Amino acid sequence: MPPLSHYLILAAGLFAIGVVGVVTRRNALVIFMSVELMLNAVNLTFLAFGHFRRHIDAQVFGFLVMALAAAEVAIGLAIIVTVFRGRASLQVDEADQLRG
Amino acid sequence: MVSGPAGGSEGRVGILVFWVFAALAVAAALVVILHRDIVRSALALIVCLGSLAVLFAQLSSPFLAALQVLLYAGAIMMLFLFVIMMLRRDQPRAPETPRLKRQAATLLAVFLWGLLTLAVGGATVPAGSAAEPLVSLPYLSRVLFFQYLYPFELISLLILTAIVGVVVLTKKRI
């Protein structure tokens with residue numbers, strides 16, 4: 001069993017990869033997938049701490065995060081579909097009608 | 001997988017499992033953000049979530065590992081692929097983000113990773129003592145349905161709100 005730090009560094013790496021995805025990609029769906037990646041990295045951190053702390057609460061938190069992610073995906077994809085309907089593009093840069 | 005005392009053949013297998021699936025997860029995550037074909041990105045994300053499920057199981061959370069496969073790799077990614085298939089027509093090739101911006105973002109992310117690693121990499125936690133083994137599903141369900149009953153019920157309210165919101169958003173006329 002590797003030590004706690006291994007899991008934390010892995011989770012930090014996945015989180016950073018997700019950040020790069022959100023910042024550099026322009027496709028709304030890829031940005032969304034990067035957000036999912038970041039959520040999972042956080043879950044990994046929770047579970048790693050819970051395992052090494054011998055505490056069950058971390059699993060409850062992980063469960064809640066997953067349920068939240070499911071709700072978030074449903075809403076997010078609905079928004080993407082709605083936006084796409086209006087302008088036939090998945091590029092986030094082109095959806096700038098609210099820009100002042 | 002309950003962690004035995006470190007060392008011994010079981011400990012070495014655990015370390016091997018960690019490295020294999022950690023490498024797989026990172027590689028798949030890189031494919032997600034780098035590949036131009038969005039379907040490949042989605043499939044790579046499934047691989048990444050699957051290898052994270054293995055790590056979850058290793059961290060004595062078999063229930064969450066199963067949920068990860070069922071809910072994430074199964075339901076959520078299916079939804080993603082469904083939307084991709086629905087929306088992907090012959091889209092004009094969008095201009096990529098400028099190279100300079102990408103390099104700056106990568107640099108910033110490496111910096112973020114280093115910062116996070118510095119912050120938590122050396123973390124140690126005092127080993128607490130759980131009343132029962134962490135892998136025990138009855139234990140988890142007792143905690144979830146007694147101690148965390150209200151958050152659990154609130155989640156159902158949240159999901160209900162999400163369902164109503166999705167219907168309102170996507171239906172043209174209600």
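Residues numbered from 1 in each chain as written. Chains lettered and ligands numbered in written order. Predicted model: local features only at pLDDT ≥ 70, side-chain atom pairs only at ≥ 80, totals over all residues.

**Some words on the overall build of chain B**
What counts, and what does not: Helix and strand assignments come from DSSP, with helices taken as H or I runs of at least 4 residues and strands as E runs of at least 2, each series counted from the N terminus. What the globule rule says is 2.2 Å times the number of residues to the power 0.38, and the radius of gyration is computed from C-alpha atoms. Burial is judged by counting the other C-beta atoms within 10 Å of a residue's own C-beta: 20 or more makes it buried, 12 or fewer makes it exposed, and any count in between marks it as partly exposed, with every C-beta position built from the backbone.
Looking only at helices and strands, chain B features six helices and zero strands. Moving toward the C terminus, one meets the helices and strands of chain B in the order α-α-α-α-α-α. Taken over C-alpha atoms, the radius of gyration comes to 21 Å for chain B, far larger than the 16 Å a tight globule of 174 residues would show. For chain B, the C-alpha atoms occupy an extent of roughly 55 × 45 × 30 Å along the three principal directions. Among the 174 residues that make up chain B, the fraction classed as buried is 23%.

**A look at the overall build of chain A**
Of regular secondary structure, chain A possesses three helices and zero strands. Listed by position from the N terminus, the elements making up chain A come as α-α-α. The C-alpha atoms of chain A give a radius of gyration of 17 Å, which is well past the 13 Å a tight globule of 100 residues would have. Reported as C-alpha extents along the three principal axes, the dimensions of chain A are approximately 50 × 25 × 25 Å. For chain A, buried positions account for 55% of its 100 residues.

**What about the interface of chain B and chain A?**
Just so we agree on the cut-off: Placing C-beta atoms from the backbone, we regard two residues as in contact once those atoms come within 7 Å.
Each partner contributes residues to the interface: chain B has 71 residues there, and chain A has 61 residues. Elements with a minimum of two residues in the side of chain B that touches chain A: α1 (8-34), α2 (38-58), α3 (62-87), α4 (99-120), α5 (137-147) and α6 (149-170) of chain B. Broken down by element, the residue count for the side of chain B that touches chain A peaks at 11 residues, all from α1(B).

**Let's talk about unusual backbone geometry**
You will see that Arg54(A), though not glycine, has its phi angle at about 55°, which is positive. Among the structural elements, Arg54(A) can be located in the loop between α2 (28-53) and α3 (57-87). One non-glycine residue, Ser60(B), lies in the positive phi region at around 50°. Its place among the elements puts Ser60(B) in the loop between α2 and α3. Classification of Ser60(B) as buried rests on a count of 25 C-beta atoms within 10 Å.

**Considering the confidence of the model for chain A**
Here is the rule: Confidence per residue, as judged by the predictor, is encoded in pLDDT with a range of 0 to 100.
Overall, the prediction assigns chain A a mean pLDDT of 88, with 94% of residues at 70 or greater. Averaged pLDDT values over the elements of chain A bottom out at 89 in α3(A) and peak at 93 in α2(A).

**Some remarks on the packing of α3(A) against α6(B)**
The description of two packed helices rests on the angle between their axes and on the distance between the axes. As a reminder of what qualifies: In this description, a line fitted to the C-alpha atoms serves as the axis of each element, helices being fitted only across the stretch in contact, and the angle between N-to-C directions of two axes falls anywhere from 0 to 180 degrees. Oblique is the label for any angle not covered by the other classes, which are roughly parallel (under 35 degrees), roughly antiparallel (over 145) and roughly perpendicular (65 to 115). Amino acids are sorted into nonpolar (Ala, Val, Leu, Ile, Met, Phe, Trp, Tyr, Cys and Pro), charged (Asp, Glu, Lys and Arg) and polar (every other residue, Gly among them).
Taken N-terminus to C-terminus, the directions of α3(A) and α6(B) make an angle of 10°; their axes are 9 Å apart at the nearest point. Classified by the interaxial angle, the pair formed by α3(A) and α6(B) is roughly parallel. From α3(A), Leu64(A), Ala67(A), Ala71(A), Ala74(A), Ile75(A), Ala78(A), Ile79(A), Val81(A) and Thr82(A) reach across to α6(B), where they touch Pro151(B), Ile155(B), Leu158(B), Ile159(B), Ala162(B), Gly165(B), Val166(B), Leu169(B) and Thr170(B). For the contact of α3(A) with α6(B), the residue count by class is 15 nonpolar, three polar and no charged.

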